Amino acid sequence: MLWSEILRPIYMASLRRLLPLRFSFLGMNFSSSGGPVGILGGFRGYRASISSQGKLSKLEEDAQLAEHEIEQIRREFDAAKQSFLKIPDALKEMPKMNPKGIYVNKNMRLDGIQVYGFDYDYTLAHYSANLQSLIYDLAKEHLVNELRYPASCLEYKFDPTFPIRGLYYDRIKGCLLKLDFFGTIEPDGCFYGRRKLTRTEIEEIYGTRHIGRDQARGLVGLMDFFCFSEACLIADIVQHFVDCKLEFDASYVYQDVNRAIQHVHRSGLAHRGILSDPQKYLVKNDQLLCFLRMLKEKGKKLFLLTNSPYYFVDGGMRFMLEDSLGHRDTWRDLFDVVIAKANKPEFYNSEHLFRCYDVEKDTLVFSKVDEFLPNKVYYHGCLKHFLKITKWKGPEVIYFGDHLFSDLRGPSKAGWRTAAIVHELEHEIQIQNEDSYRFEQAKFHIIQELLGKLHATVANRQRSESFQSLLLELNEEKQKTRCAMKSMFNKSFGATFLTDTGRESSFAYHIHQYADVYTSKPENFLFHHHEALLHVPFDIKIMPHHVKVPSSLFKTR
């Protein structure tokens, strides 16, 4: 407590004792020399004293009113804490969101969709958790063996509990960030290496938690499913340099790690590693085949558009579908067009020509491609020539992909409908459906409401001891609730779609911007009629799969 706050009641009490003495000299006032100044001087003093008394009375009334309001908020908080001891029955009765649901950002009539396009990795192909460790280890070895990073970096292991999708790396300052829907750094979502920065450190580095346009130029988004290994390796390398007290440039770390990750993919190291042990890395999926066959039976056109080479796609599709396909059937029979090594996102803006790929000879054919023939495979190409050859119009095409920028931004701008595949969505909805999470969310909303009421009671200069005490308790309870919600998802960064306070994340913003619909797997469309109208919920928040638990559930009637 400030000394001014301690002395204020003493000062006011002294004034109240002096006021009667002041009024006893109504007819006589004295000059500084001790002589009377007459009745006019006394009258002026009387008016001044009346004015002072009025001001003091107003201050006292305001102070008493503020204390009354603070006491009322205190009673509400005490009552809320009692209600926190038990999960309300009304909360248990709230509807659950479907983990396998299709969530809609823009209305879509499936009867108007005639063409279904798919990416391969993490869209048609489902991978196990082992893949991230494989990519991490191969990239780490490239850093040491080819880019001459310290051999001690080989000791690091991929930590699946550390990264989430949708983080940003600051190439200038070396921080790994989680941003909210409006571009503000999460208070507990900023790491330098593997060390979480405090709010004070964040403000010292950035000046504010809000990322401005100039600062945003130094950020790179880690948005696809391969970003888990990349984010973890970046943080580990930064931490290694910090621990060893070595000078380094944060932009070089990103450049080298990104180059190593790209080398792992483009050189075929990851592809050969996966195909050498498909049981370890790939997940078989009978429902995928059911979905693709259903589309073919309904007369839909299907195409595959991937950056991966054909041999890798072929090996993976045969493994995933071999138990369901007939002996004479091949997965390529399901698709009208198969395009590999498409080089997205450049595919959507370039004018590269298509080349026919000879599967048997593993070579490109020299003949011109002016039509897509059945059971053939094509390489490279571009969107312009693709539309020219197929005559498929934008709004009748939907494309499924996991990478917001490489897969979905281009098709979205070209007029295609888009479906984002976010595998972790299913797990996050399951957590949000749990009573324990909804309980903490409702608690957080109650505390937020009480904090808003408390701050509205008095100005900063009039904050009393009771105000400060209640403020401290509310903030402590708020922090405990935030930590409880965050720990249910990821110990370092929390949920992919949500911030610790239940607001939408920056990743959610990009999903909202580039995906007409989103779901955890393409085969979730099996649970909807092929001519269904997918519409935005009438009670839309920002992301349609989020449920906002009202604090009113805790209020007694």
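Note that the structure is a prediction, hence the values are computed from the model and not measured.

(A) Region of interest: the sheet that holds strand β9 (residues 219-222). Across the sheet, five strands lie side by side as β8-β7-β6-β5-β9; this open sheet has antiparallel pairing. Lying at the two open borders of the sheet, with one neighbouring strand each, are β8 (195-196) and β9. Bridging between strand β6 (residues 175-179) and strand β7 (residues 185-192) involves four bridges; their strand directions are antiparallel. Note that in β7 the partner of leucine 176 across the bridge is phenylalanine 191.

(B) Region of interest: the layout of surface pockets. Empty space within the largest pocket amounts to approximately 1,200 Å³. In terms of lining residues, the largest pocket is bounded by 43 residues, among which Gln262, Arg266, Asn307, Lys344 and Ser406 are the most central. Those elements giving two or more residues to the lining of the largest pocket turn out to be β9, α7 (227-243), α8 (250-266), α9 (269-276), α12 (310-321), β15 (377-380) and α14 (404-414). Looking at the lining of the largest pocket, the element that brings in the most residues is α8, giving six residues.

(C) Looking closely at the nonpolar core. Ranked by internal contacts, the top residues of the largest apolar core, which has 87 residues, are Phe118, Tyr120, Leu176, Trp331 and Phe335. Per-element tally for this core: the top contributor is α7, with 10 residues. Discounting chain neighbours no more than four positions away, the residues touching tyrosine 120 are Ala125, Tyr127, Leu304, Thr306, Ser308, Phe312, Val313, Gly316, Met317 and Met320. Ranked by size, the runner-up nonpolar core spans 46 residues in total, among them Met223, Tyr348, Ala420 and Ile511.

(D) Quick peek at helix α15 (residues 424-433). Buried residues dominate α15, accounting for eight of its 10 residues. Turning to α15, its buried residues are Glu424, Leu425, Glu426, Glu428, Ile429, Ile431, Gln432 and Asn433.

(E) Structural view of the side chain of histidine 530. Position of histidine 530 among the secondary structure elements: in the loop between β18 (517-519) and β19 (533-534). Judged by its relative accessible area of 17%, histidine 530 falls in the buried class. Excluding its chain neighbours within four sequence positions, the residues that come into contact with histidine 530 are Leu110, Asp111, Met294 and Lys298.

(F) Molecular detail of the sheet that holds strand β17 (residues 417-421). In spatial order, the strands read β1-β18-β17-β16-β3-β11-β12-β15-β13-β14; together these 10 strands make up an open sheet with mixed pairing. For this open sheet the edge positions go to β1 (103-104) and β14 (363-364), each flanked by a neighbour on one side alone. Pairing analysis gives four bridges linking strand β16 (residues 397-401) to β17, with the strands arranged parallel. Residue pairing across strands places phenylalanine 400 opposite alanine 419, the latter belonging to β17. Sheet strands in contact with helix α11 (residues 286-297) are β3 (115-118) and β11 (301-305), and its direction is about 155° off that of β3.

(G) Inspection of the pattern of salt bridges at higher detail. Scanning the model with the defined rule gives 25 salt bridges in all. Of the charged contacts, one joins glutamate 201 and arginine 195 as a salt bridge, the two residues approaching to 3.2 Å between their closest N and O atoms. We classify arginine 195 as partly exposed; its relative accessible area is 41%. Here glutamate 351 and lysine 384 are joined by a salt bridge, their closest N and O atoms 3.5 Å apart. Of this pair, glutamate 351 sits in the loop between β12 (337-340) and β13 (354-358) while lysine 384 sits in helix α13 (residues 383-390), and the two are 33 residues apart along the sequence. On the accessibility criterion, glutamate 351 (53% relative accessible area) is exposed.

Quick notes on the rules
- Residues numbered from 1 in each chain as written.
- Predicted model: local features only at pLDDT ≥ 70, side-chain atom pairs only at ≥ 80, totals over all residues.
- Heavy atoms only, no water.
- Pairing = 2+ DSSP bridges.
- Helix = DSSP H or I, 4+ residues; strand = E, 2+ residues; numbered from the N terminus.
- 1 Å grid on protein atoms, 1.4 Å probe; cavity = no way out; pocket = protein on both sides within 12 Å on 5 of 7 lines; lining within 4 Å.
- Points joined across faces, edges and corners; volume = space filled by probe spheres on them.
- Core = buried A, V, L, I, M, F, W, Y, C linked by side-chain atoms within 4.5 Å.
- Buried < 20%, exposed > 50% of the residue type's maximum accessible area, 1.4 Å probe, protein only.
- Contact = heavy atoms within 4.5 Å.
- Axes fitted to C-alpha atoms, helices over the stretch in contact; angles between N-to-C directions.
- Salt bridge = Lys/Arg side-chain N within 4 Å of Asp/Glu carboxyl O.

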